[in-house]
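Commentary on secondary and tertiary structure
Residues per chain are reported as follows:
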Amino acid sequence: ATLYVAYSVFLPFRRQGVAREAIGEVLQHARGVHGSRLAIAEMAAANTASVNVAEALGFERVAERPKTDSGHGYDGREYVYRLVLA
């Protein structure tokens, strides 16, 4: 089974490792309990915090989508990350 990962951290709790720790636990649970073998995460390319979390957890960037929506204050590009759960 493939796990699609999404996360958001409330402002007062950012930059404390909360997302990395929580997603790390979710990945372990998905693999151990549900047998997931692949995790996918998608994010705005401009969201460097999310990019950093994904890369710190070992996700590999596998695609970049071109500008699709510029109405949210960023250039619209998106990254797709993949992690094989061994």
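Conventions used here
- Residues numbered from 1 in each chain as written.
- Predicted model: local features only at pLDDT ≥ 70, side-chain atom pairs only at ≥ 80, totals over all residues.
- Heavy atoms only, no water.
- Pairing = 2+ DSSP bridges.
- Helix = DSSP H or I, 4+ residues; strand = E, 2+ residues; numbered from the N terminus.
- Axes fitted to C-alpha atoms, helices over the stretch in contact; angles between N-to-C directions.
- Contact = heavy atoms within 4.5 Å.
- Buried < 20%, exposed > 50% of the residue type's maximum accessible area, 1.4 Å probe, protein only.
- Patch = residues over 30% accessible without salt bridge, like charges linked within 9 Å, V, L, I, M, F, W, Y side chains within 5 Å.
- Areas by Shrake-Rupley, 256 points an atom, 1.4 Å probe, with all protein chains shown as cover.
- Salt bridge = Lys/Arg side-chain N within 4 Å of Asp/Glu carboxyl O.

**Considering the sheet that holds strand S4 (residues 78-84)**
- The mixed open sheet is built from four strands, whose spatial order is S1-S2-S4-S3. Taken across any chain shown, the strands that pair with only one partner, and hence form the sheet edges, are strand S1 (2-5) and strand S3 (60-65). Here the strands of the sheet are splayed against their neighbours by 25° on average, with no regard to which way each runs.
- Here S3 pairs with S4 via five bridges, running antiparallel. Each bridged residue has a counterpart across the sheet, and for Glu-60 the counterpart in S4 is Arg-82.
- Of the strands in this sheet, S1, strand S2 (38-44) and S4 are in contact with helix H1 (residues 18-34), which crosses S1 at around 165°.

**Description of unusual backbone geometry**
- In the Ramachandran plot, Arg-15 falls in the positive-phi region, its phi being about 65° despite a non-glycine side chain.
- One can find Arg-15 in the loop between S1 and H1.
- Overall, the relative accessible area of 86% leaves Arg-15 in the exposed class.

**A few points about a nonpolar patch on the surface**
- Together, Phe-10, Phe-13 and Val-18 give the surface a local cluster of nonpolar side chains, amounting to about 330 Å² of exposed area.
- Relative to the helices and strands, Phe-13 resides in the loop between S1 and H1.
- Residue classification places Phe-13 among the partly exposed residues on the basis of a relative accessible area of 45%.

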